[in-house]
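Summary of structural features
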Amino acid sequence: MDSTTLETLEYGAVLREIAAFASNQLGEKRVLNTRPSDSLRTIEGSFLEFKEVSDQIQSSGKLPLSGVVDLSPLFSRVEPEGAYLLPEDLVVVKGNLEAAVALKALITPSFERAYPRTAEKINAVSDVSFPLSEIERTIDERGEIRDNASPDLRRIRKEIRAGKERARSIIESVSTDKKTREILQDDIITVRDDRYVLCIKASAHTAFDGIIHGRSISAQTYFIEPLELVELNNRVAILKKEERAEEIEILKALTSVIKAHRDGVLNDQAIIAGLDELQAKALFGKETGAITPVIKKDGEIRLKNARHPLLVLKEKRGGPPVVSVDITVPEGCATLVISGANTGGKTVALKTLGLLTLMALSSIPVTADEGSVAVLFTDIFSDIGDRQDIIASLSTFSAHVKRLREFLSEAGSGSLVLVDEIGAGTDPSEGGALALAALETLRKQGAKTVVTTHLNLLKAHAQVDASYLNASVEFDEKTLRPLYRLHYGVPGPSLGLSIAESLGIPHDVIELARKNIRDKEGAFIESVRLLEEEKEEIRDLKARLSTLEGMRDRAVRRLKEERALILDKARARAEALIGEARQEMRAAIEKLKEEGADRGKKGASTKIDEVSARVLSRLNAPGKEKYTPVAGDKVAIAGSNSRGTVLSVDANAGKAELSIGGLKVSVAFDKLVKREGGPRAKAAQGVTISADMDVASSVNVIGQRAEAALEVVVKFIDNAHASGLQSVEIIHGVGTGRLSRAIEEYLRGNNLVKGFSHGDRARGGAGVTIVELK
């Protein structure tokens, strides 16, 4: 990814926000150096590690990673023979070692089961408990060498303290002498060159026996060491040198211990930095509500309720609420053309797409909803914003063209190209022609391109080319406020005149501008408006269809439940009758035995016949005689409005072949009811289908509005399916195609429909839809 793309998509700004969540400088540096990867395995592995750290934070809080710094410079400094670490250096080293020991302490069997990848990293941290204990034994909390760092140091410091206490006692005695007090400038004891001295008046300094260690700036005071203290102070000075020499030996020994663990310590800091990077990303994700997207090598881009992460953070800090946007680039779509009103959110959508893709490829959670899908691009190019360069003598158009030239020479298969206001800054006809030529070239090179535009040439091309897709930013024309939603399949009007009027341009100027729009441009803008209205109506119809289908499904469930109840009752009645029949049969057999075989044979047979007839009459009551149709009978299908004529009968199969509205249908005998002459029964509640209820295989909705026509079609399909029809026709005509599209939308979501297609020329072509039912 080139630096211009990272800059225009605000990638660096997001990294700085994430780095602010780091616990140490190394983690912060790792975050700032993050770059997108082109390896799907690497990205997915990093996201798995991220998830473990994120889960650990949710469960037990942050990992102990603070206080870690880069120790490489310190180790380089002590590389020469005889070099050693100072106490303040050892305090820094101690911070790294403490973090390593604290991490190791987290490892338990349950931790390893819950977070295996994190545990693997922590187990790779070296055991630095010994060098840490040596530092703690030698250096105190203030960063000073402890007295007990060595026996010699403890003895020397004890002697120094004793010498200083004795010197203090002597000088206090001298200062309280009557003669001395008369020549003291200040009644205080001070220290010069680490030796106790008295402040003697300049006029009397020759009268005081001692060694002069200096005088005040005003020359009014001399700092004199009394002769009584010289020998004692000399002894303390010698002890001080011994102390320093012993401290250096101690520091050298401790440095040797640290250097022996150099490789492990440096490896540990790299592991800790990596964990801190993961933790910073996890904390960022928690703060912004980000998720781990699905990453695919190719296919559809789908970012659900995508939010720009910087705007999310701004909202968290008291800024305005962020409006999410669904961003989709379908599989097979080479170019997405986003159009619509100024200030409608086109550029924000473009930036959000690019930025969230970069974040996903960098294993950073994205500010979108679960189910979002990002695609693995090997290169991302962007040209967003005004790139005018006065120093380089580049106009806005020239700067954009220069950038476009780079895209054309470098982008190819696996590239994502993002261009804001492509072709702008010059004559619209020339700019549109150049833009379309560039988009076609990028498509042929295999790149996926997303652009924003006001150019009607691009919008029109996207409507007729299957490899392009129009999308418009929704805008409330009444309030002239953007809705920050993308509407796919329809180009958006720029609404430049409406917005100009809202910003104070006089109405008569706006009206004159509208008259000046060329006929062709005006027709295109009007077609866009009509398309938008049709889309809105179709959305409303789909909502109503969904409601109707819900009502139908509930009715079907209720019918099935009632049917099951009836069957249960019938089964219980049959079982009861069978039980009664068995009892009567047993009674007849007993009677037969009593009367004797010869005498009762005929009577038993008669008795059995009577019982059988009685049981059958009970089972059939109050039903009618079973109907066996013959060819030519006028019949109806039970439970439906379908009527027809019997063509032939298959007695073995128990089925008859009917002619219903020109279609041949095979129906079981028990579903047929013989019709008598006279007027047909009233249809079920709804709309009459065709001219004759005998013909239930087609419906004509030509000339009806989409909403009314759909109500007819819904009931027609339900009735046809209930009647056992397998194929029906919907006659809707060609017209503007709006009615046909609405019907197809309904059929596509109906679970009773097996498939549908336009009829052939003989059956009406595109004006007729043939529907296959399940």
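Residues numbered from 1 in each chain as written. Predicted model: local features only at pLDDT ≥ 70, side-chain atom pairs only at ≥ 80, totals over all residues. Heavy atoms only, no water.

1. What to know about the confidence of the model for the protein
Do not read the predicted coordinates in detail wherever pLDDT is low. Our working definition: Per residue, pLDDT captures the predictor's confidence, and it can take any value from 0 to 100. Whether two residues touch is decided by their heavy atoms; if any such pair falls within 4.5 Å, the residues are in contact.
When pLDDT is averaged along the protein, the result is 84; 85% of the residues meet or exceed 70. Under a pLDDT of 50 for its full length, residues 387–394 has, in the predicted model, 10 contacts with residues more than four places off or in other chains. For residues 677–695, every residue scores under 50 in pLDDT, and the model assigns this stretch 29 contacts once sequence neighbours within four places are set aside.

2. What about helix 2 (residues 11–19)?
Just so we agree on the cut-off: The cut-offs for exposure are 20% and 50% of the maximum accessible area for each residue type, with area from a 1.4 Å probe on protein chains only; residues under the lower value are buried, those over the upper are exposed, and the others partly exposed. Helix and strand assignments come from DSSP, with helices taken as H or I runs of at least 4 residues and strands as E runs of at least 2, each series counted from the N terminus.
Of the residues making up helix 2, those classed as buried are Tyr 11, Val 14, Leu 15, Glu 17, Ile 18 and Ala 19. On the buried face of helix 2, the contacting elements are helix 1 (3–8), helix 3 (25–32), helix 13 (262–288), helix 14 (309–316) and helix 15 (346–361).

3. Comments concerning the sheet that holds strand 4 (residues 221–226)
Where strands meet in a sheet, backbone hydrogen bonds hold them as pairs that are either parallel or antiparallel. For clarity, the threshold we go by: Strand pairing requires that DSSP identify at least two bridges connecting the strands. Simply put, an axis is a line fit to the C-alpha atoms, just over the touching stretch for a helix, and the angle between two N-to-C directions goes from 0 to 180 degrees.
Pairing in this open sheet of 4 strands is antiparallel, and the strands run 1-2-4-3 from one edge to the other. Every other strand in the sheet has two partners, leaving strand 1 (184–192) and strand 3 (210–215) as the edge strands with one partner each. Between one strand and the next, the sheet's axes are offset by a mean angle of 35 degrees, whatever the strand orientation. As paired elements, strand 3 and strand 4 share 4 bridges and run antiparallel to each other. Within strand 4, the position partnered with Gly 210 by the bridge is Pro 226. Along the sheet, helix 12 (residues 227–260) contacts strand 2 (195–201), strand 3 and strand 4; its crossing angle with strand 4, the most-contacted strand, is approximately 75 degrees.

4. Overview of the sheet that holds strand 23 (residues 768–773)
One open sheet accounts for 4 strands, arranged 20-21-23-22; its pairing is mixed. Only two strands of the sheet have a single neighbouring strand rather than two, namely strand 20 (698–700) and strand 22 (753–758). For this sheet the average axis-to-axis angle between neighbouring strands, irrespective of direction, equals 20 degrees. Inspection of the sheet shows strand 22 paired to strand 23 by 5 bridges, in the antiparallel sense. When the sheet's bridge partners are listed, Gly 755 is paired in strand 23 with Glu 772. Helix-sheet contacts for helix 24 (residues 738–748) involve strand 21 (727–731), strand 22 and strand 23, and the interaxial angle to strand 22 is about 160 degrees.

5. Topic: the side chain of Asp 268
Rules: For this count, His and the chain ends are skipped, Lys and Arg are scored as positive, and Asp and Glu as negative. The working definition used for a salt bridge is a side-chain nitrogen of Lys or Arg within 4 Å of a carboxyl oxygen of Asp or Glu.
With respect to the secondary-structure elements, Asp 268 resides in helix 13. No salt bridge forms around the buried Asp 268; measuring N to O, its nearest opposite-charge neighbour Lys 104 is 7.6 Å away. Beyond its immediate stretch of four places on either side in the chain, Asp 268 contacts Ala 100, Ala 124, Val 125, Ser 126 and Val 128.

6. Description of the pattern of salt bridges
Scanning the model with the defined rule gives 29 salt bridges in all. Here Asp 147 ties to Arg 157 by a salt bridge, and the two come within 2.7 Å at their closest N and O atoms. With a gap of 10 residues between them, Asp 147 in the loop between helix 9 (129–138) and helix 10 (151–175) and Arg 157 in helix 10 connect regions that are remote in the sequence. By relative accessible area, which is 32% here, Asp 147 ends up partly exposed. Classification of Arg 157 as buried rests on a relative accessible area of 11%. Taking the shortest distance from any N to any O, the salt bridge between Arg 485 and Glu 474 comes out at 2.9 Å. Of this pair, Arg 485 sits in strand 14 (residues 481–488) while Glu 474 is found in strand 13 (residues 468–476), placing the two residues 11 residues apart along the sequence. Glu 474 gets classed as buried once you look at its relative accessible area, which sits at 15%.

7. Structural notes on the pairing of strand 2
A regular strand carries its side chains on alternate faces of the sheet. Here strand 2 lies mainly inside the structure; 6 of its 7 residues are buried. Sheet topology places strand 1 next to strand 2; 5 bridges connect them, and they run antiparallel. Paired with Arg 192 across the bridge in strand 2 is Arg 195. Two successive antiparallel strands, strand 1 and strand 2, enclose a turn made up of 2 residues, where Asp 193 displays a positive phi of approximately 55 degrees. Taken together, the 4 bridges between strand 2 and strand 4 define a ladder with antiparallel strand orientation. Counterpart to Leu 198 in the pairing with strand 4 is Ile 224.

8. Details of the packing of helix 9 against helix 12
Inclusion rule: These descriptions rest on fixed angle ranges, namely under 35 degrees for roughly parallel, over 145 for roughly antiparallel, 65 to 115 for roughly perpendicular, and the rest for oblique. In this scheme, a crossing is called left-handed if the near helix is turned counterclockwise away from the far one by less than a right angle; it is called right-handed if the turn is clockwise. Polar here means any residue other than Ala, Val, Leu, Ile, Met, Phe, Trp, Tyr, Cys and Pro, which are nonpolar, and Asp, Glu, Lys and Arg, which are charged; Gly is therefore polar.
Following both chains from N to C, one finds helix 9 and helix 12 inclined at 160 degrees, their axes separated by 9 Å at the closest point. Comparing the axis directions of helix 9 and helix 12 gives the class roughly antiparallel. In this structure, the crossing between helix 9 and helix 12 has a hand that is left-handed. Together, Phe 130, Pro 131, Glu 134, Ile 135 and Thr 138 of helix 9 and Ile 250, Leu 254, Val 257 and Ile 258 of helix 12 make up the contact between the two elements. Here the residues of the contact of helix 9 with helix 12 sort into 7 nonpolar, 1 polar and 1 charged.

9. Structural notes on the pairing of strand 4
With 6 of 6 residues buried, strand 4 is to be regarded as a mostly interior element. The two faces of strand 4 match: Thr 221, Phe 223 and Glu 225 on one face and Tyr 222, Ile 224 and Pro 226 on the other face are all buried. Taking the residues between adjacent antiparallel strands as the criterion, strand 3 and strand 4 are bridged by 5 residues, where Ala 219 takes a positive phi near 65 degrees.

10. Quick notes on the packing of aromatic side chains
Heads up, the condition is: For this analysis, a ring pair means two rings from Phe, Tyr or Trp (six-membered ring only for Trp) whose centres lie within 6.5 Å, classed as stacked if their planes differ by under 30 degrees, edge-to-face if by over 60, and tilted for the remaining angles.
Applying the stated rule across the entire model yields 3 aromatic pairs. Seen from their ring centres, Phe 47 and Phe 50 are 6.2 Å apart, and the 80 degrees between their planes marks the pair as edge-to-face. Of this pair, Phe 47 and Phe 50 both sit in helix 4 (residues 40–60), separated by 3 residues, roughly a single helical turn. Classification of Phe 47 as buried rests on a relative accessible area of 5%. Residue Phe 50 is classed as buried on the basis of its relative accessible area of 6%. Relative to Tyr 115, the ring of Phe 111 has its centre 5.1 Å away and its plane inclined at 65 degrees; by these criteria the two rings are edge-to-face. Grouping residues by exposure puts Phe 111 and Tyr 115 together as buried.

11. A word on the side chain of Thr 367
For clarity, the cut-off: Side-chain atoms alone can form a polar contact between residues adjacent in sequence; in general such a contact is a pair of N or O atoms within 3.5 Å, and within protein one must be able to donate a hydrogen while the other accepts it.
Within the secondary structure layout, Thr 367 lies in the loop between helix 15 and strand 9 (373–375). In this structure the side chain of Thr 367 is engaged in a polar contact, spanning 2.4 Å, whose partner is the backbone oxygen of Arg 307. Ignoring sequence-local partners within four residues, the contact set of Thr 367 consists of Thr 288, Ala 290, Asn 305, Ala 306, Arg 307, His 308, Pro 309, Val 312 and Leu 356.

12. Some thoughts on helix 6 (residues 87–104)
Selection rule: Multiplying 1.5 Å by the residue count of a helix minus one yields the expected span of that helix.
For helix 6, which comprises 18 residues, the first-to-last C-alpha distance of 25 Å matches the rise-based estimate of 26 Å (1.5 Å per residue) to within 8%. Listed as buried for helix 6 are Pro 87, Asp 89, Leu 90, Val 93, Lys 94, Gly 95, Asn 96, Leu 97, Ala 99, Ala 100 and Leu 103. Contact partners of the buried residues in helix 6: helix 5 (72–77), helix 8 (116–123), helix 9, helix 12 and helix 13.

13. Some words on the packing of helix 6 against helix 12
Between helix 6 and helix 12, the least distance of the axes is 11 Å, while the angle of their chain directions is 30 degrees. Between helix 6 and helix 12, the interaxial angle falls into the category roughly parallel. In the packing of helix 6 onto helix 12, the handedness of the crossing is left-handed. Seen from helix 6, the contacting residues are Pro 87, Leu 90 and Val 93; seen from helix 12, they are Leu 251, Leu 254 and Ile 258. The residue inventory of the contact of helix 6 with helix 12, partitioned by class, reads 6 nonpolar, no polar and no charged.

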